[in-house]
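Next come the chains, spelled out residue by residue.
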Amino acid sequence: MTTTLTLHTTPFNDQKPGTSGLRKRVPVFQQANYLENFVQAIFDSIQAPAGATLVLGGDGRFYNLEAIQIILKMAAANGYARVLTGQGGILSTPAASCLIRKYATFGGIILSASHNPGGPEGDFGIKYNTANGGPAPEKITEAIFELSKKISHYRIIEASDVALDTIGEYTIGKMHVSVIDPVADYAELMESLFDFAAIRGLLAGGFNIKFDAMHAVNGPYAREIFINRLGAPVASLMNCVPLPDFGNGHPDPNLTYAHELVEILYGENAPDFGAASDGDGDRNMILGRHFFVTPSDSLAILTANAKLVPGYRAGLKGVARSMPTSAAADRVAKELGIPCYETPTGWKFFGNLMDADKVTLCGEESFGTGSSHIREKDGLWAVLFWLNIVAARAQSVETITREHWAHFGRNVYSRHDYEAIPTEVANGVMTHLKDSFASLPGQKLGSYTVERCDDFSYTDPVDGSISTGQGIRILFTDGSRIVFRLSGTGTEGATLRIYLEAYDPDINNHHLDAQVALSELIQIAGQLSELVTRTTRVQPSVIT
Ligand code: G16
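This is a predicted model, so every value here is computed, not measured. (Residues numbered from 1 in each chain as written. Predicted model: local features only at pLDDT ≥ 70, side-chain atom pairs only at ≥ 80, totals over all residues. Heavy atoms only, no water.)

### Topic: the overall build of the chain
Here is step 1 of the chain: If you tally the helices and strands in the chain, you get 18 helices and 27 strands.
Here is step 2 of the chain: Computed over C-alpha atoms, the radius of gyration of the chain comes to 23 Å, within 12% of the 24 Å expected from 2.2 N^0.38 for 544 residues, which places it in the range of a compact globule.
Here is step 3 of the chain: When its C-alpha atoms are laid out on the principal axes, the chain stretches across 75 × 60 × 40 Å.
Here is step 4 of the chain: Looking at the 544 residues of the chain, the share that counts as buried comes to 59%.
Here is step 5 of the chain: Partitioning the contacts of the chain with sequence separation of at least 6, the portion at a separation of at least 24 is 72%.
Here is step 6 of the chain: Here the chain displays about 20000 Å² of accessible surface, and carbon together with sulfur accounts for 51% of that area.
Here is step 7 of the chain: Averaged over its 44 positive side-chain charges, the chain has a centre that lies 4 Å from the centre of its 59 negative ones. (Helix = DSSP H or I, 4+ residues; strand = E, 2+ residues; numbered from the N terminus. Rg over C-alpha atoms; globule rule 2.2 N^0.38 Å. Buried < 20%, exposed > 50% of the residue type's maximum accessible area, 1.4 Å probe, protein only. Contact = heavy atoms within 4.5 Å. Areas by Shrake-Rupley, 256 points an atom, 1.4 Å probe, with all protein chains shown as cover. Lys, Arg positive; Asp, Glu negative; His and termini not counted. Charge placed at Lys NZ, Arg CZ, Asp CG, Glu CD.)

This is the structure we're talking about:
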């Protein structure tokens, strides 16, 4: 027996989605009706037609299972005909995007706070993806927020929980729930894009890899792809058992948080190749032996070598990068004669470009790379792309990167993050920078001269929508730049990100450590923002 209930609720005023959905601490989501309000606001704003199917899954973090049971009962009460979910409530973000597209569902709900830590006191998150498989655009997230501020009721069915641990068909009221293998469809898609035989040959020939799933969602995906399908030894995997608190770690694949992997790749007898992915499996970090590839360079190198990969042999329509990502990909696009788009931070801005067939590859400095095979960034896809290139070129990651720099020049790049700054202090830094816009152009700062500065705004070339206030750019006459931006994914205070980029065509400087090569720009960024005085921080929390 099931009963549909319409329950009274009162709004919360803080349900504004950030760069990628609503992210809050777990105890915030555990408040009575907090999740229910947001889910009802999603359902009310998207107005799915009768008979619609929804994909639902998450990265397995603490509260994932409870949230899925609630959302299933709410979907049933809101008239959905079917929900597709992964066994154990698990779906990586790219796998969810793959399922939405493959089964042409109305959309999907993904439960994840991505690279943020998990556990009872950690972070939780929820976002809605549309029928193209990509994160909802701003007009939808704004509508959800507006509805969340005036919600008075939500609908839910009283029913027993679905046995999410067992693959099979279930019903809640009139709604069907298909609990499916979370890995199979995604692994099949990967096999259709890359030369698995060549990668298998590379691995069989003694090329050693180490993949770190950081105790997050990609563990089972990596096991199926690297071990079962590509024949890598089991020792190639580390931290591949997903845990609700990520083993108390911070599942962010960068030099700071993936230090266990970094130490192995920079140690004695290091493997030839290392990679890591994040909480929900959409980010990636690529390492060679004793070598780190910046995400910006990675995008450029994938673009330059795409024809070596079966899925991209026909060529690329174009490439897109977020504004703070280095211009390395722009140089490749220019040589290939394809367009390069510069979007605000947030994967959602790439969706329209891919749907309109304007771009094939996209990437962000925040360890995200992907293509039009789905509408999310894709961690394992990037790892496979690299392995495919390495197999085709029979060269190391370092040689491929250095040859790339020798040909295109090097966009030396780094990001400095100052985390958990009081919000008013961070806002003060941004206001101060904007106040100095009028006086900066033409100023000589050390060996750099300011050409112009602005607060980045973007007009979507497909639907004409305008996004303003997307980051402060100080652009120098030689093409170098400093970008200041406040993160839209943190849950504690504000995170100030400072992005630094200098272009160096001289191969004799390409051995330099980025922090050394950028030292003058780093100093200028500190001066311009009055960083130490305003924030009392002398060191960034994270350098990538
Ligand atoms: C999300 C977005 C990315 C964005 C990143 C960082 O990634 O999908 O597009 O680059 O956040 O955003 P911010 O600089 O505002 O913190 P993820 O992996 O967290 O979903």
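### Section: the domain arrangement of the chain
Here is step 1 of the chain: In terms of domains, the chain is made up of domain 1 (3-182), domain 2 (186-408) and domain 3 (410-543).
Here is step 2 of the chain: Between the C-alpha centres of domain 1 and domain 3 the distance comes to 36 Å.
Here is step 3 of the chain: On the domain 3 side, the residues contacting the nine residues of domain 1 number seven residues.
Here is step 4 of the chain: Note on domain 1 versus domain 3: buried area summed over both sides is about 610 Å², and carbon and sulfur give 35% of it.
Here is step 5 of the chain: It is Thr19, Arg23 and Arg25 that lose the most area in domain 1 upon contact with domain 3, and together they represent 55% of the buried surface on that side.
Here is step 6 of the chain: Taken together, domain 1 and domain 3 are joined by zero salt bridges. (Domains from an automatic or database assignment. Buried area = accessible area lost by both parts, 1.4 Å probe. Salt bridge = Lys/Arg side-chain N within 4 Å of Asp/Glu carboxyl O.)

### A few points about the site of the ligand
Here is step 1 of the chain: Near the ligand lie 19 residues; those nearest to it are Glu364, Ser487, Gly488, Thr489 and Arg497.
Here is step 2 of the chain: Interatomic distance of 3.3 Å between a backbone N/O atom of glycine 346 and an oxygen atom of the ligand.
Here is step 3 of the chain: Take serine 366: an N or O atom from its side chain is 2.7 Å from an oxygen atom of the ligand.
Here is step 4 of the chain: Coverage of the ligand by the protein chains reaches 99% of its 460 Å² of free accessible surface.
Here is step 5 of the chain: A class-by-class count of the residues in the shell around the ligand yields one nonpolar, ten polar and eight charged. (Near = heavy atom within 4 Å. Polar contact = N/O pair within 3.5 Å; in protein donor to acceptor, adjacent residues only side chain to side chain. Nonpolar A, V, L, I, M, F, W, Y, C, P; charged D, E, K, R; others polar.)

### Notes on the pattern of salt bridges
Here is step 1 of the chain: Summed over the entire model, instances satisfying the criterion amount to 31 salt bridges.
Here is step 2 of the chain: Across the pair arginine 481 and glutamate 501 runs a salt bridge, and its minimum N-O distance is 2.8 Å. With arginine 481 in strand E25 (residues 481-486) and glutamate 501 in strand E26 (residues 494-504), this residue pair connects regions lying 20 residues apart in the sequence. A single burial state applies to arginine 481 and to glutamate 501, both of which are buried.
Here is step 3 of the chain: Here glutamate 530 and arginine 534 are joined by a salt bridge, their closest N and O atoms 3.0 Å apart.
Here is step 4 of the chain: In this structure glutamate 530 comes out as partly exposed when scored by relative accessible area, which is 33%.
Here is step 5 of the chain: Here the residues in one salt-bridge network are Arg321, Asp330, Glu342, Arg452, Asp454, Arg473, Arg481 and Glu501, joined through shared partners.

### Some points on the nonpolar core
Most often, soluble globular proteins have nonpolar side chains that are buried together.
Here is step 1 of the chain: In this structure, Phe226 and Trp381 are the most contacted members of the largest nonpolar core, which totals 71 residues.
Here is step 2 of the chain: Considering each element in turn, this core owes the most residues, ten residues, to helix H13 (residues 379-393).
Here is step 3 of the chain: Two domains each put at least three residues into this core: domain 1 (3-182) and domain 2 (186-408).
Here is step 4 of the chain: Leaving out residues up to four positions away in the same chain, tryptophan 381 has contacts with Tyr186, Met190, Leu193, Phe194, Leu302, Tyr312, Leu361, Thr369, Gly370, Ser371 and His373.
Here is step 5 of the chain: Core analysis: the next-biggest nonpolar cluster, separate from the first, contains 43 residues, Ile46, Ile68, Ala136 and Val179 among them. (Core = buried A, V, L, I, M, F, W, Y, C linked by side-chain atoms within 4.5 Å.)

### Regarding the packing of helix H8 (residues 218-229) against H13
Here is step 1 of the chain: Relative to each other, H8 and H13 sit at 30 degrees, their axes nearing to 11 Å. Classified by the interaxial angle, the pair formed by H8 and H13 is roughly parallel. Where H8 crosses over H13, the two elements pack in a sense that is right-handed. Residues Asn218, Tyr221, Ala222, Ile225 and Phe226 of H8 lie in contact with H13, whose contacting residues are Leu380, Val383, Leu384 and Leu387. (Axes fitted to C-alpha atoms, helices over the stretch in contact; angles between N-to-C directions. Parallel < 35°, antiparallel > 145°, perpendicular 65-115°, else oblique. Left-handed = near helix turned anticlockwise from the far one by under 90°.)

### Focus: the pairing of strand E24 (residues 472-476)
Here is step 1 of the chain: Of all five residues making up E24, five are buried, and the element is well covered by its neighbours.
Here is step 2 of the chain: Alternating residues of E24 divide into Ile472, Ile474 and Phe476 and Arg473 and Leu475, and every residue in both groups is buried.
Here is step 3 of the chain: In the sheet, strand E21 (residues 448-455) pairs with E24 via five bridges, with the strands oriented antiparallel. From the neighbouring strand, aspartate 455 faces E24, where its bridge partner is isoleucine 472.
Here is step 4 of the chain: Between the end of E24 and the start of E25, which pair antiparallel, lie four residues, with glycine 479 showing a positive phi angle near 95 degrees. (Pairing = 2+ DSSP bridges.)

### A look at the sheet that holds strand E17 (residues 361-364)
Here is step 1 of the chain: Taken in spatial order, the four strands make up an open sheet running E16-E15-E17-E18, and their pairing is mixed. Two strands close off the open sheet at either side, each with one partner strand: strand E16 (340-343) and strand E18 (368-371). Recorded for the sheet is a direction-independent mean angle of 15 degrees between the axes of neighbouring strands.

### Observations regarding the side chain of asparagine 37
Here is step 1 of the chain: Within the element layout of this structure, asparagine 37 appears in helix H2 (residues 34-46).
Here is step 2 of the chain: A relative accessible area of 0% means that asparagine 37 is categorised as buried.
Here is step 3 of the chain: Residues within four places of asparagine 37 in sequence aside, it is in contact with Thr9, Thr10, Pro11, Phe12, Gln15, Ile151 and Tyr154.

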